[in-house]
Amino acid sequence: GENVEQHPSTLSVQEGDSAVIKCTYSDSASNYFPWYKQELGKGPQLIIDIRSNVGEKKDQRIAVTLNKTAKHFSLHITETQPEDSAVYFCAAWSGRLYFGRGTQLTVWP
Amino acid sequence: GAVVSQHPSWVICKSGTSVKIECRSLDFQATTMFWYRQFPKQSLMLMATSNEGSKATYEQGVEKDKFLINHASLTLSTLTVTSAHPEDSSFYICSARDPAGRRGTDTQYFGPGTRLTVL
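(A) Geometry of the packing of aromatic side chains. As enumerated under the stated definition, the model contains 12 aromatic pairs over all chains in all. Geometrically, the ring pair formed by A:Y36 and B:F110 is edge-to-face, given 5.0 Å between the ring centres and 85° between the ring planes. Here A:Y36 is found in strand β4 (residues 32–38), whereas its partner B:F110 is found in strand β10 (residues 108–110) on a different chain. Taken as a pair, A:Y36 and B:F110 share a single burial class, namely buried. Residues B:Y36 and B:F110 carry aromatic rings whose centres are separated by 5.4 Å and whose planes lie at 45° to one another, so their mutual orientation is tilted. With B:Y36 in strand β4 (residues 32–38) and B:F110 in strand β10, this residue pair connects regions lying 74 residues apart in the sequence. B:F110 shares its class with B:Y36; the two are buried. Looking at A:R96, its charged tip hangs above the ring of A:Y98, at a distance of 4.1 Å from the centre.

(B) Quick look at the side chain of B:Q108. Locating B:Q108 in the fold gives a position in strand β10. On the basis of relative accessibility, which here comes to 0%, the residue B:Q108 falls in the buried class. Within the structure, the side chain of B:Q108 is placed 2.7 Å from the side chain of B:S95, a separation counted as a polar contact. Those residues in contact with B:Q108 that lie beyond four places of it in its chain are A:Y36, A:W93, A:L97, B:F34, B:Y36, B:S95, B:A96 and B:R97.

(C) Structural detail: a nonpolar patch on the surface. Residues and elements named next belong to chain B. A surface patch of nonpolar side chains, about 390 Å² in accessible area, is lined by W10, I12 and L119. In this fold, W10 is placed in strand β2 (residues 10–13). You can call W10 exposed: its relative accessible area is 57%.

(D) View of the state of the cysteines. Per the counting criterion, the structure on display carries 2 disulfides over all chains. The disulfide that involves A:C23 links it to A:C90, with 2.0 Å between the sulfurs. Disulfide A:C23-A:C90: torsion about the S-S bond near -100°, hence left-handed. Of this pair, A:C23 sits in strand β3 (residues 19–25) while A:C90 is found in strand β9 (residues 86–93), placing the two residues 67 residues apart along the sequence. Accessibility assignment for this pair places A:C23 and A:C90 in one class, buried. Between the sulfur atoms of B:C23 and its disulfide partner B:C94 the distance amounts to 2.0 Å. Given an S-S torsion of about 80°, the disulfide between B:C23 and B:C94 has right-handed geometry. Taken as a pair, B:C23 in strand β3 (residues 19–25) and B:C94 in strand β9 (residues 90–97) lie far apart in primary sequence, 71 residues in all. Left without a disulfide partner, B:C13 is nearest to the cysteine sulfur of B:C94, which lies 18 Å away. A relative accessible area of 9% places B:C13 in the buried class.

(E) Seen up close, the environment of A:T69. All names here are of chain A. Turning to its location among the elements, T69 is positioned in the loop between β7 (62–67) and β8 (72–77). A residue is classified by how much of its surface remains accessible, and T69, at 76% relative accessible area, is exposed. Linking T69 and S28, residues 41 residues apart in sequence, is a C-alpha distance of 8.7 Å.

(F) Broad picture of the sheet that holds strand β6 (residues 56–59) of chain A. Residues and elements named next belong to chain A. Taken together, the 5 strands give an open sheet; going across it, the order is β1-β3-β8-β7-β6, and neighbouring strands pair in antiparallel fashion. Of all the strands in the sheet, the pair left with one neighbour each is β1 (4–7) and β6. For this sheet, the mean angle separating the axes of adjacent strands, direction not counted, is 15°. The sheet contact formed by β1 and β3 spans 4 bridges and is antiparallel. Each bridged residue has a counterpart across the sheet, and for E5 the counterpart in β3 is T24.

Calculation rules
Residues numbered from 1 in each chain as written. Chains lettered and ligands numbered in written order. Predicted model: local features only at pLDDT ≥ 70, side-chain atom pairs only at ≥ 80, totals over all residues. Heavy atoms only, no water. Phe/Tyr/Trp six-rings, centres within 6.5 Å; stacked < 30°, edge-to-face > 60°. Helix = DSSP H or I, 4+ residues; strand = E, 2+ residues; numbered from the N terminus. Buried < 20%, exposed > 50% of the residue type's maximum accessible area, 1.4 Å probe, protein only. Lys NZ or Arg CZ within 6 Å of the ring centre and 35° of its normal. Polar contact = N/O pair within 3.5 Å; in protein donor to acceptor, adjacent residues only side chain to side chain. Contact = heavy atoms within 4.5 Å. Patch = residues over 30% accessible without salt bridge, like charges linked within 9 Å, V, L, I, M, F, W, Y side chains within 5 Å. Areas by Shrake-Rupley, 256 points an atom, 1.4 Å probe, with all protein chains shown as cover. Salt bridge = Lys/Arg side-chain N within 4 Å of Asp/Glu carboxyl O. Disulfide = S-S within 2.5 Å. Pairing = 2+ DSSP bridges. Axes fitted to C-alpha atoms, helices over the stretch in contact; angles between N-to-C directions.

Below is the structure:
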């Protein structure tokens, strides 16, 4: 099956700085890569996704890049705010969603 | 956007009793729903995939007789934890695929989760 690795496990940034979370996957047949934000005690919320026929996608302060050749994709958050603090999960679709282990992002005011 | 609800949001029960958790897609019809379990500070673990009108497909290591899943309609799936024990205490989350969604047929939307505590 698919194997998704996510780094770093924790990330602390100052408000206004950028944050980058990276993921790699193993199955070249994976074709859909969503990112979820999970706040404490809540379910994951889809924040952005990208498909294998696209290299980059942006939605306001959030962007995702995909390198199919290298089998890695990244989440970029610019101008971070304290409310961005949460756990972020990357995932890859290969018949079902395979999740990374998550990144705890803390944005300090 | 696509909204998935869960009920109850939290439940406390005695060991040996059964607990039912409901998952509903509020503004779309979900032919496929998924049930996950999440331990503190860990990722989501897929328990089973349910398709409307058919038996659920369980992941390896998940006891079918303990975690009963029913997907009786296009908007409702239920997870029943039978004869619950303290080790079943966890955060249970459902998700649903929106086959007619604008983002694509494989996009999954998650419910808010149910915190189960077994005493």
